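# Fold and contact review
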Amino acid sequence: FAVASPHNLPFADGTLDLVFSVFGPAPWEEFCRVLRPGGAVVVARAGMDHLRSLHALVGAEDAAPRAPKQFTAGLAENYARIRTEDA
């Protein structure tokens, strides 16, 4: 376990079974660098309705929702997306 910059993870290449990122940058190349073959990346990101009730509370309810960002290709072809779900 480490709290670290996701752009320079303090782990050797291919040593982790899981990378878990919550509401932070997700540099795919760095995640792939530290994962073992068959490893998993779990990323929690804000969805389209994130903070919608707060927007309504301050009178900004008509603010346009933003679609979640997607990972760029990079090394992604080495890994498979198992599931995406909105919570």
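For the structure itself, look to the data block above.
To start, this report covers the structure provided alongside it. (Residues numbered from 1 in each chain as written. Predicted model: local features only at pLDDT ≥ 70, side-chain atom pairs only at ≥ 80, totals over all residues. Heavy atoms only, no water.)

## Observations regarding the overall build of the protein
Helix and strand content of the protein: two helices and two strands. Considering the protein as a whole, with its 87 residues, one finds that 16% of them fall into the buried category. When contacts within the protein are restricted to residue pairs at least 6 apart in sequence, long-range pairs at least 24 apart make up 26% of them. Roughly 6700 Å² of accessible area belongs to the protein as shown, and the carbon and sulfur atoms make up 58% of that amount. (Helix = DSSP H or I, 4+ residues; strand = E, 2+ residues; numbered from the N terminus. Buried < 20%, exposed > 50% of the residue type's maximum accessible area, 1.4 Å probe, protein only. Contact = heavy atoms within 4.5 Å. Areas by Shrake-Rupley, 256 points an atom, 1.4 Å probe, with all protein chains shown as cover.)

## Regarding the side chain of Ser21
Along the polypeptide, Ser21 turns up in strand S1 (residues 16-22). On the basis of relative accessibility, which here comes to 9%, the residue Ser21 falls in the buried class. Aside from chain neighbours lying at most four places away, what touches Ser21 is Phe31, Val42, Val43 and Ala44.

## Digging into the pairing of strand S2 (residues 35-44)
Looking at chain direction, S1 and S2 are connected through six bridges and run parallel. Residue pairing in the sheet places Ser21 in a bridge with Val43 of S2. Read as a crossover between parallel neighbours, the route from S1 over helix H1 (residues 28-34) to S2 is right-handed. (Pairing = 2+ DSSP bridges. Right-handed = clockwise from strand over helix to strand, strands pointing away.)

## A short note on the nonpolar core
Counting nine residues, the largest nonpolar core consists of Leu9, Leu16, Val19, Ala26, Trp28, Phe31, Cys32, Val34 and Leu35. Broken down by secondary-structure element, the contributors of at least two residues to this core are S1 and H1. If we skip the residues at most four places from it in the chain, Leu9 touches Glu30, Phe31, Arg33 and Val34. (Core = buried A, V, L, I, M, F, W, Y, C linked by side-chain atoms within 4.5 Å.)

## Describing the pattern of salt bridges
Summed over all chains, the structure comprises three salt bridges. Among the salt bridges present, the one from Arg33 reaches Asp13, with a minimum N-O distance of 2.6 Å. With Arg33 in helix H1 and Asp13 in the segment before S1, this residue pair connects regions lying 20 residues apart in the sequence. For Arg33, a relative accessible area of 26% gives the class partly exposed. With a shortest N-O distance of 2.7 Å, Arg33 and Glu30 are connected by a salt bridge. (Salt bridge = Lys/Arg side-chain N within 4 Å of Asp/Glu carboxyl O.)

## Looking at the side chain of Glu30
One can find Glu30 in helix H1. A polar atom in the side chain of Glu30 sits 2.8 Å from the backbone nitrogen of Leu9. A distance of 2.7 Å separates polar atoms of two side chains, one belonging to Glu30 and the other to Arg33. In contact with Glu30, other than residues within four places in its own chain, are Pro6, His7, Asn8 and Leu9. (Polar contact = N/O pair within 3.5 Å; in protein donor to acceptor, adjacent residues only side chain to side chain.)

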